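# An overview of the molecular structure
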There are 2 protein chains.
Amino acid sequence: MNSRSQDSAGFAALDMSTLGERLGNVPAIADKVGRDISQWKVREVGDGNLNLVFIVEGDKGGVVVKQALPYVRLVGESWPLPLKRSFFEYHALRRQEKRAGVGSVPAIYHFDEGQALLAMEYLSPHVILRRRLIEGAILPKIGRDLGLFCARTLFRGSDLAMPTRERKQDVALFCDNVELCDITENLVFTDPYFEAELNQHTSPQLDGIVAELRADRDLKVEAQRLKHLFAAKAETLLHGDLHTGSVMVTETDTRVIDPEFAFYGPIAFDVGMMLANFWMSYFSQAGHENNGDRSEMREWLLSVTDEIWSVFRAEFSHLWRTERNGILYASSIFEERGDTLASEQALNTVLSEIWTDLLGFAGIECHRRILGLAHNADFETIEDPDLRARCERPALLFGRQLAVNRSRIHSMDEVNEMARIIASEDA
Amino acid sequence: MNSRSQDSAGFAALDMSTLGERLGNVPAIADKVGRDISQWKVREVGDGNLNLVFIVEGDKGGVVVKQALPYVRLVGESWPLPLKRSFFEYHALRRQEKRAGVGSVPAIYHFDEGQALLAMEYLSPHVILRRRLIEGAILPKIGRDLGLFCARTLFRGSDLAMPTRERKQDVALFCDNVELCDITENLVFTDPYFEAELNQHTSPQLDGIVAELRADRDLKVEAQRLKHLFAAKAETLLHGDLHTGSVMVTETDTRVIDPEFAFYGPIAFDVGMMLANFWMSYFSQAGHENNGDRSEMREWLLSVTDEIWSVFRAEFSHLWRTERNGILYASSIFEERGDTLASEQALNTVLSEIWTDLLGFAGIECHRRILGLAHNADFETIEDPDLRARCERPALLFGRQLAVNRSRIHSMDEVNEMARIIASEDA
């Protein structure tokens, strides 16, 4: 029931030679690229783990065409993955655009469910945020844009704002994204903490600390509590894979892409994952100093974490005070009785839980990117394994402190000071 | 999407004169009652708020026939309520029987979705538990049976035990029970805390304390936090309306009935609601002493709360150690490494959260049964309003203490001692 068709009858993967024929007669695409398909130039640019991605350019302009494959591209046909993830990506993008505004995600031109195919805005000259951070680029708008994106999508997708009938229908819809959830549940929360088959880490340099972490009872219990929270708390529609590889940037523009892991989960999850990737970038900078000192970059990265959280908090509070139209903390029992402080007190309790939980999710994300299957280019592009391990080790220590001590950390200053201490002691 | 048909085309409410004709040719029913419908005796016994309930007896035996109406029976056609609640009741009963065992709920003989009609075991000489408690009956098995029912249904319906794909499909299925959730969300968590239209309380005797509670910022914030937890934490399949009016008993048998409010929510909800009804029975006993002293009954009721929780905890722990086959706290990262204490530490964190939250839900339940629309016979059958108010007032104070101080209360002894103190000071 409620399952999207999982068979791929009629599905055919695109390739560069047939793409023009197959998509040239789709008006929404031809309008953007140009009607003369003989002029189309097609490039396959997918560098992700899961899908095909083409850039199609013609005499009028360009589009990006993203197509799911019935298996995990990174692993191959031995790991099947349903095409319906494209359906969830499409629906998540539409909701994100509505909630965070036009220009927060790529515009969608066309969706073909049977072909698991999305045609969308070709973002140019945008570059993946992670790559810019590896290069040492300072992007003045990024903290603010990401803080706003998180606050707006996560607040407006919850029972704080939505009609609950609509939210419950949406929960039911996204419950069917079970295979992508399964990836998160296993790869993020479980596999890093035991000798799972697909795990990898910089070895032998990290063997010692990896063994310590996998024997660390408090850490493993916390990781599983966070998994419990992720699996059970259907609070809002998450992006589900919000890291610096899911953001495209220029100096002046920020777009969030690739929400195929979308699922109803805890507000803290997206925020914590995103912050973790800035902290990992911080720890990785020491591996990228061949072209010059990265001290300024490092401090800027910490300032971004501070800005993401403070912008998130400010915008979430603003929405709380102006758009709290859902079933939770209803103004009928607070403000209408003139008790503004009740609403503010409730806001404190909600933000306080988000804070504590996001630190936990951030800690776990640091681990899975160094111990699990899917690593980060931040570290992976450091070729010298000794140098790479010297960057990864403090990130592992930092992640452990966040996950286990999260209920005793109260401010971003404390977190960032801890990052500095761990980085300098281990340098 | 995923919505059960909400129109009632073809639906016809049963009545005593047509019931035989309409159900006589259903083999599963005729087998139980007897094929000669001229021998059928039909009684309408529905004393609930929502549905029609018939007892049908014939030469072979009896069945109970429960039929939903397209509106709230207590209020009338002005409050429509979809027939599909019968579908959710049917599916919840099947799951409960599987999880808590044959004999924990009535056996189901027949379900007709279009007629919103369930034919089930005629429980005789069973009586509604609440009525027995009002009469002052001591039921030796009740604490154990209810503790086991809660532990088994709630553990086995969660990601602790179920294949998560199945749980997610089930979450989606029950998300459509939105109208019944809406009743809980409003009547339990919100209406009691402001002057909602349908509210009622013993007036003027309780006017003072009711005004105090409705101005109590800490209480209202806690009630809304609990609503947030109820709405967002899709942890397990709840009964959803588990109180002493949803249990039928003899001296030796206990059956849980009426799970039409079934929904995925926090484990603590069912347990807290059930305990609250024993505490309300405790406070109501002073109103039923016309036939003799109820001191022994009162102490027994407190001992039942203790037994429900300790049996729940023991059985939940047993299932944790023997049936933890879901995605959470997987043995692959705990026991397989020989670290039994990791699993026990995680069990402590899970039980500790259930405990804290169930106290909150119990506190809120005490309030809504005295301040909201749906009151309890425990208090309602006390005819003298002064006497009734003297019983209700301590229950209100008790509920407030539970809801607001729940994170600082560690044992059932403390809770029950608080009940005794409040009862004696206010008597």
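Residues numbered from 1 in each chain as written. Chains lettered and ligands numbered in written order. Predicted model: local features only at pLDDT ≥ 70, side-chain atom pairs only at ≥ 80, totals over all residues. Heavy atoms only, no water.

## Some words on the sheet that holds strand β3 (residues 62-68) of chain B
Residues and elements named next belong to chain B. Strand order across the open sheet formed by 5 strands is β1-β2-β3-β7-β6, with antiparallel pairing between neighbours. Either end of the sheet is taken by a strand with one partner, and the two such strands are β1 (41-44) and β6 (108-112). Strand-to-strand, the axes of this sheet are offset by a mean angle of 20°, without reference to chain direction. Bridge count between strand β2 (residues 51-57) and β3: 7 bridges; the pairing is antiparallel. Bridged to valine 53 within β3 is lysine 66. Contacts between helix α3 (residues 85-100) and the sheet are confined to β2, β3, β6 and β7 (117-121), with β7 contributing the most and set at about 30° to the helix. (Pairing = 2+ DSSP bridges. Helix = DSSP H or I, 4+ residues; strand = E, 2+ residues; numbered from the N terminus. Axes fitted to C-alpha atoms, helices over the stretch in contact; angles between N-to-C directions. Contact = heavy atoms within 4.5 Å.)

## Description of the pairing of strand β7 (residues 117-121) of chain A
Residue and element names in this part refer to chain A. β7 sits mainly inside the fold: 4 of its 5 residues count as buried. Inspection of the sheet shows strand β3 (residues 62-68) paired to β7 by 5 bridges, in the antiparallel sense. Bridge pairing links lysine 66 to leucine 118 in β7. Two elements, strand β6 (residues 108-112) and β7, share 4 bridges in a ladder whose sense is antiparallel. Note on β7: the bridge partner recorded for aspartate 112 is leucine 117. A loop of 4 residues connects β6 with β7, the two strands running antiparallel in sequence, and alanine 116 in this loop sits at a positive phi of about 50°. (Buried < 20%, exposed > 50% of the residue type's maximum accessible area, 1.4 Å probe, protein only.)

## Considering the pattern of salt bridges
Under the definition given, this model contains 69 salt bridges over all chains. Between Asp258(B) and Lys66(B) there is a salt bridge; the shortest N-O distance is 2.5 Å. Of this pair, Asp258(B) sits in the loop between β11 (254-256) and β12 (263-265) while Lys66(B) sits in strand β3, and the two are 192 residues apart along the sequence. You can call Asp258(B) partly exposed: its relative accessible area is 24%. It is possible to trace a salt-bridge network through shared partners that takes in Glu222(A), Arg225(A), Asp357(A), Arg406(A), Lys233(B), Glu235(B) and Glu353(B). (Salt bridge = Lys/Arg side-chain N within 4 Å of Asp/Glu carboxyl O.)

## Side note on the packing of aromatic side chains
One pass over the structure, following the stated rule, counts 36 aromatic pairs over all chains. For the pair Phe189(B) and Phe361(B), a centre-to-centre distance of 6.1 Å together with 75° between the ring planes defines the contact as edge-to-face. In this pair, Phe189(B) sits in the loop between α7 (178-188) and α8 (207-214) while Phe361(B) sits in helix α12 (residues 340-371), placing the two residues 172 residues apart along the sequence. Phe361(B) carries the same exposure label as Phe189(B), and that label is buried. Each member of the aromatic cluster is reached from another via a ring pair, and the members are Phe155(A), Trp309(A), Phe312(A), Phe316(A) and Trp355(A). (Phe/Tyr/Trp six-rings, centres within 6.5 Å; stacked < 30°, edge-to-face > 60°.)

## Side note on helix α3 (residues 85-100) of chain A
Residues and elements named next belong to chain A. With 16 residues, α3 should reach 22 Å at 1.5 Å per residue; the first-to-last C-alpha distance of 22 Å fits that figure. Along α3, 13 of the 16 residues are buried, which leaves the element largely enclosed by surrounding structure. Downstream of α3 by one or two residues, glycine 101 has phi in the positive range, about 105°. (Expected span 1.5 Å × (residues − 1).)

## Some words on the relation of the copies chain A and chain B
Note on the identical chains: chain A maps onto chain B by a rotation of 180° and an axial translation of 0.0 Å, with an RMSD of 0.0 Å. Taken together, the turn and the small shift mark the pair as related by a two-fold rotation axis. Taken as a fraction of all interface residues of chain A, those also at the interface in chain B reach 100%, which identifies the copy contact as same-surface. (Least-squares fit on C-alpha atoms with pLDDT ≥ 70 in both.)

## A look at the interface of chain A and chain B
Contacts between the two partners involve 54 residues from chain A, matched on the other side by 55 residues from chain B. Summing both partners gives a buried area of about 4,900 Å² for chain A against chain B, and 58% of it is carried by carbon and sulfur. Per-residue buried area on chain A facing chain B is highest for Lys168(A), His228(A) and Ile333(A); these three make up 13% of the total on that side. Counting across the chain A and chain B interface gives 7 salt bridges. Notably, a salt bridge pairs Arg165(A) with Glu179(B), separated by 3.0 Å at the nearest N-O pair. Counting across the interface, chain A meets chain B through 23 residue pairs in polar contact (both at pLDDT 80 or more). Sorting the residues of the side of chain A that touches chain B by element identifies α6 (164-175), α7 (178-188), α9 (217-232) and α12 (340-371) of chain A as the ones contributing at least two each. Counting residues per element, the side of chain A that touches chain B draws most heavily on α9(A), which supplies 10 residues. Among the residues forming the side of chain A that touches chain B, the class breakdown is 25 nonpolar, 11 polar and 18 charged. (Buried area = accessible area lost by both parts, 1.4 Å probe. Polar contact = N/O pair within 3.5 Å; in protein donor to acceptor, adjacent residues only side chain to side chain. Nonpolar A, V, L, I, M, F, W, Y, C, P; charged D, E, K, R; others polar.)

## Some remarks on unusual backbone geometry
For the bond from Ser124(B) to Pro125(B), the omega torsion is 10°, close enough to zero to count as cis. Mapped onto the elements of the fold, Pro125(B) is located in the loop between β7 and β8 (127-128). Cis geometry marks the peptide bond from Ser203(B) to Pro204(B); its omega dihedral reads 10°. Residues other than glycine seldom take positive phi values, yet Tyr329(A) does so here, at roughly 55°.

## Quick word on the packing of helix α10 (residues 267-284) of chain B against helix α11 (residues 295-322) of chain B
Packed helix pairs are specified by the crossing angle of their axes together with the interaxial distance, meaning the distance between the axes. Residue and element names in this part refer to chain B. Here α10 crosses α11 at 165°, and the two axes come no closer than 8 Å. On the basis of their axis angle, the class for α10 and α11 is roughly antiparallel. For the crossing formed where α10 meets α11, the hand is right-handed. On the side of α10, the interface is formed by Ile267, Val271, Met274, Leu275, Phe278, Trp279, Ser281 and Tyr282, while α11 contributes Arg298, Leu301, Leu302, Val304, Thr305, Ile308, Phe312 and Phe316. Here the residues of the contact of α10 with α11 sort into 13 nonpolar, 2 polar and 1 charged. (Parallel < 35°, antiparallel > 145°, perpendicular 65-115°, else oblique. Left-handed = near helix turned anticlockwise from the far one by under 90°.)

## Examining the packing of helix α9 (residues 217-232) of chain B against helix α14 (residues 385-405) of chain B
Residues and elements named next belong to chain B. One can describe the packing of α9 onto α14 by two numbers: an axis separation of 9 Å at closest approach and a directional angle of 65°. In terms of axis orientation, α9 runs roughly perpendicular to α14. As for the relative orientation of α9 and α14, their crossing is left-handed in sense. Contacts between α9 and α14 involve Asp218, Leu219 and Glu222 from the first element and Arg400, Ala403 and Val404 from the second. Its residues assigned to classes, the contact of α9 with α14 shows 3 nonpolar, no polar and 3 charged.

## A word on the sheet that holds strand β8 (residues 127-128) of chain A
Residue and element names in this part refer to chain A. In spatial order, the strands read β8-β10-β11; together these 3 strands make up an open sheet with antiparallel pairing. Here the strands that pair on one side only, and so sit at the sheet edges, are β8 and β11 (254-256). The sheet contact formed by strand β10 (residues 247-249) and β11 spans 3 bridges and is antiparallel. Paired with valine 247 across the bridge in β11 is valine 256. Helix α5 (residues 142-156) rests against β10 and β11 of the sheet, and its axis sits at about 35° to β11.

## As for the domain arrangement of chain A
Much of the literature gives interface size as the accessible area that the parts lose upon coming together. Residues and elements named next belong to chain A. Domain boundaries assigned for chain A yield domain 1 (19-121) and domain 2 (127-425). Using C-alpha coordinates to define each centre, domain 1 is positioned 27 Å away from domain 2. Counting residues at the interface gives 25 residues for domain 1, matched by 31 residues for domain 2. Between domain 1 and domain 2, the buried area comes to about 2,400 Å², and carbon and sulfur atoms account for 63% of it. Looking only at domain 1, the three residues that lose the most surface to domain 2 are Phe88, Gln96 and Arg99, adding up to 29% of its buried area. Here domain 1 is connected to domain 2 by 7 salt bridges. Put simply, glutamate 260 and lysine 66 hold a salt bridge, and the shortest N to O gap is 3.1 Å. (Domains from an automatic or database assignment.)

## What to know about the nonpolar core
Formed by 237 residues in total, the largest nonpolar core has its most connected members in Phe312(A), Phe316(A), Phe312(B) and Phe316(B). Those residues in contact with Phe312(A), other than ones at most four positions away along the chain, are Gly147(A), Cys150(A), Ala151(A), Leu154(A), Ile267(A), Val271(A), Glu307(A), Leu351(A) and Ile354(A). (Core = buried A, V, L, I, M, F, W, Y, C linked by side-chain atoms within 4.5 Å.)

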